[in-house]
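# Descriptive structure summary
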Amino acid sequence: DTGVSQDPRHKITKRGQNVTFRCDPISEHNRLYWYRQTLGQGPEFLTYFQNEAQLEKSRLLSDRFSAERPKGSFSTLEIQRTEQGDSAMYLCASSLARGSLETQYFGPGTRLLVL
Amino acid sequence: TQLLEQSPQFLSIQEGENLTVYCNSSSVFSSLQWYRQEPGEGPVLLVTVVTGGEVKKLKRLTFQFGDARKDSSLHITAAQPGDTGLYLCAGVGTGFQKLVFGTGTRLLVSP
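Residues numbered from 1 in each chain as written. Chains lettered and ligands numbered in written order. Predicted model: local features only at pLDDT ≥ 70, side-chain atom pairs only at ≥ 80, totals over all residues. Heavy atoms only, no water.

## Section: a nonpolar patch on the surface
To keep it simple, the criterion reads: Surface patches are defined over residues having more than 30% relative accessible area and no salt bridge, joining like charges when they lie within 9 Å and nonpolar side chains (Val, Leu, Ile, Met, Phe, Trp, Tyr) when within 5 Å. Per-residue and other accessible areas were derived by the Shrake-Rupley procedure at a 1.4 Å probe size, with only the shown protein chains allowed to occlude residues. We define a salt bridge as a contact between a side-chain nitrogen of Lys or Arg and a carboxyl oxygen of Asp or Glu at a distance within 4 Å. Starting at the N terminus, helices and strands are each numbered in turn, a helix being any DSSP run of H or I of at least four residues and a strand any DSSP run of E of at least two.
Where nonpolar side chains cluster on the molecular surface, the patch consists of Ile12(A), Leu113(A) and Leu115(A) and spans about 300 Å² of accessible area. One can find Ile12(A) in strand E2 (residues 10–13).

In structure tokens, the structure reads:
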């Protein structure tokens, strides 16, 4: 399978714990995006990387959230001191920036439940 | 803040019926995309419309981009149970390709 993969697919944690999610993009894709989707809503942009550089962060991304893409390949999203409001599906997407149009390919997501 | 409102939010129809989903915004987008998402999966791109007034057809699905590039519609002819899912429109701004997703339309097609 050469699509975007995310790990884990599901995570249940207790409030106050730290969690880390991983995203493996399609190889040769230089852009990587993180989105968050709560139940019944469309995804909301969190942050994006061009290669290893994090170029934009949404105001949704509080200080408890940090994302990295150390070698311009896989990315991690860490949430520290989780809160119940962090419960959501976290989606990763990758794309190959080429001209004015690009297609983002989404992974299956990591569903987080904070108890 | 760019917002995309979709209507209806929910739609439950019988196989063979036609339907239209609307996506409206007060903002202009450089292009607009439609996705379908199934439970437990990420969104999958159906189409990208770029030019105001553009119409694209994908088998039984017809997509239209408004003349002012602020709104779009998705029309499904003779819906089938396999069309069941969450349909999302997403506006694409200028510069980097951050997607602004709509509120979603959940479609259920019963046999």
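## Focus on the interface of chain B and chain A
Just so we agree on the cut-off: The contact criterion used throughout is that any non-hydrogen atoms of two residues lie within 4.5 Å. Summed over both partners, buried area is the accessible surface (1.4 Å probe) that two parts give up on being assembled. Identification of polar contacts relies on pairs of N or O atoms within 3.5 Å, with a donor-acceptor requirement for protein atoms, meaning one able to donate a hydrogen and the other able to accept it, and with residues adjacent in sequence counted only if both atoms are side-chain atoms. Residues are sorted three ways: Asp, Glu, Lys and Arg are charged, Ala, Val, Leu, Ile, Met, Phe, Trp, Tyr, Cys and Pro are nonpolar, and all the rest, Gly among them, are polar.
Contacts between the two partners involve 21 residues from chain B and, on the opposite side, 23 residues from chain A. Here chain B and chain A share an interface that buries about 1600 Å² over both sides, 55% of which is from carbon and sulfur atoms. Run the count over chain B and chain A and you get 1 salt bridge. If you look at where chain B meets chain A, you find 4 residue pairs in polar contact (both at pLDDT 80 or more). Of all the elements in the fold, those that place two or more residues in the side of chain B that touches chain A are strand E4 (31–37), strand E5 (44–49), strand E9 (85–92) and strand E10 (99–101) of chain B. Examining the composition of the side of chain B that touches chain A, we find that 4 residues originate from one element, E4(B), more than from any other. Broken down by class, the residue content of the side of chain B that touches chain A amounts to 9 nonpolar, 10 polar and 2 charged.

## Looking at the state of the cysteines
All names here are of chain A. For clarity, the threshold we go by: When the sulfur atoms of two cysteines come within 2.5 Å, that pair is taken as a disulfide. Under the scheme applied here, a residue whose accessible area is under 20% of the maximum for its type counts as buried, over 50% as exposed, and between as partly exposed, the area being computed with a 1.4 Å probe on protein chains only.
The final tally for this structure, using the stated rule, is 2 disulfides over all chains. Here Cys23 connects covalently by a disulfide to Cys92, the sulfurs 1.8 Å from one another. When the S-S torsion is -65°, as for the bridge of Cys23 with Cys92, the disulfide is left-handed. Of the two residues, Cys23 is situated in strand E3 (residues 19–24) and Cys92 in strand E9 (residues 88–95); the sequence distance between them amounts to 69 residues. Residue class for Cys92 comes out buried when judged on its relative accessible area of 0%.

## Details of the pattern of salt bridges
Residues and elements named next belong to chain A. Considering all chains together, one arrives at 8 salt bridges over all chains under this definition. A salt bridge links Arg22 to Asp24, with the shortest nitrogen-to-oxygen separation between them at 2.7 Å. Relative accessible area serves as the criterion here: at 25%, Asp24 is assigned to the partly exposed category. Among the ionic pairs, Arg64 bridges to Asp86, the shortest N-O distance being 2.8 Å. One end of the pair, Arg64, is in the loop between strand E6 (53–57) and strand E7 (65–68); the other, Asp86, is in the loop between strand E8 (75–79) and E9, and 22 residues separate them in sequence. The class of Arg64 is buried, set by a relative accessible area of 11%. Salt bridges sharing common partners tie together Arg64, Glu83 and Asp86.

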